[in-house]
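Secondary and tertiary structure notes
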Amino acid sequence: QVQLVESGGGLVQPGGSLRLSCAASGFTLSTAVMSWYRQAPGKERGLVASITNTDGSSIYIADSVKGRFTISGDNVKSTVYLQMNSLTPEDTAVYYCYARTLKSGLYFGYWGQGTQVTVSS
């Protein structure tokens, strides 16, 4: 059974940093495309960052967070991270981990439960 468990969210002041973690189980991390999405109140969920093959062979970072956020993965710990620096109130949202896996020639998508990030003074 696939599970994605996010952690690391919380309240942080503008200019601060947080590191989100997504602990994955039920599949092999290195074979999946792992992504972070976020959804602010009243807005659609949008892609923040993704990583293919957690050796970092392919990484996408949304323009809105480029230069401030980085995504990485640890195959041994089966965990993906989102390091967020220089946070602004506009980064306030629920952050979701998403896994796209391939099994028996079919793609499957899985969401975590989300973790709240609030940037406020």
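We now turn to the structure provided with this report. (Residues numbered from 1 in each chain as written. Predicted model: local features only at pLDDT ≥ 70, side-chain atom pairs only at ≥ 80, totals over all residues. Heavy atoms only, no water.)

**Observations concerning the pattern of salt bridges**
According to the stated counting rule, one finds three salt bridges in the structure shown. Asp91 is the salt-bridge partner of Arg38, the closest N and O atoms lying 2.9 Å from each other. Of this pair, Arg38 sits in strand β4 (residues 33-39) while Asp91 sits in the loop between β8 (79-84) and β9 (93-103); the two residues are 53 residues apart in sequence, bridging distant segments of the chain. The residues Arg38 and Asp91 share a single accessibility class, namely buried. Taking the shortest distance from any N to any O, the salt bridge between Lys66 and Asp63 comes out at 3.1 Å. Judged by its relative accessible area of 52%, Lys66 falls in the exposed class. One connected set of salt bridges, linked through shared partners, spans Arg38, Arg68 and Asp91. (Salt bridge = Lys/Arg side-chain N within 4 Å of Asp/Glu carboxyl O. Helix = DSSP H or I, 4+ residues; strand = E, 2+ residues; numbered from the N terminus. Buried < 20%, exposed > 50% of the residue type's maximum accessible area, 1.4 Å probe, protein only.)

**Considerations on the packing of aromatic side chains**
Two aromatic rings are characterised by how far apart their centres lie and by the angle between their planes. Applying the stated criterion across every chain yields a total of four aromatic pairs. A ring pair is formed by Tyr37 and Tyr98, whose centres lie 5.9 Å apart and whose planes are at 80°; its orientation type is edge-to-face. Here Tyr37, found in strand β4, pairs with Tyr98, found in strand β9; they are 61 residues apart in sequence, far enough to count as distant. In terms of burial, Tyr37 and Tyr98 fall into one category: buried. Between Tyr96 and Trp111, the aromatic rings sit 6.2 Å apart at their centres with planes inclined by 85°, giving edge-to-face as the arrangement. Note that Tyr96 is positioned in strand β9 and Trp111 in strand β10 (residues 106-111), a separation of 15 residues in sequence. Owing to a relative accessible area of 14%, Tyr96 belongs among the buried residues under this scheme. Residue Trp111 is classed as partly exposed on the basis of its relative accessible area of 41%. (Phe/Tyr/Trp six-rings, centres within 6.5 Å; stacked < 30°, edge-to-face > 60°.)

Everything listed is a geometric property; what it means functionally is a separate question.
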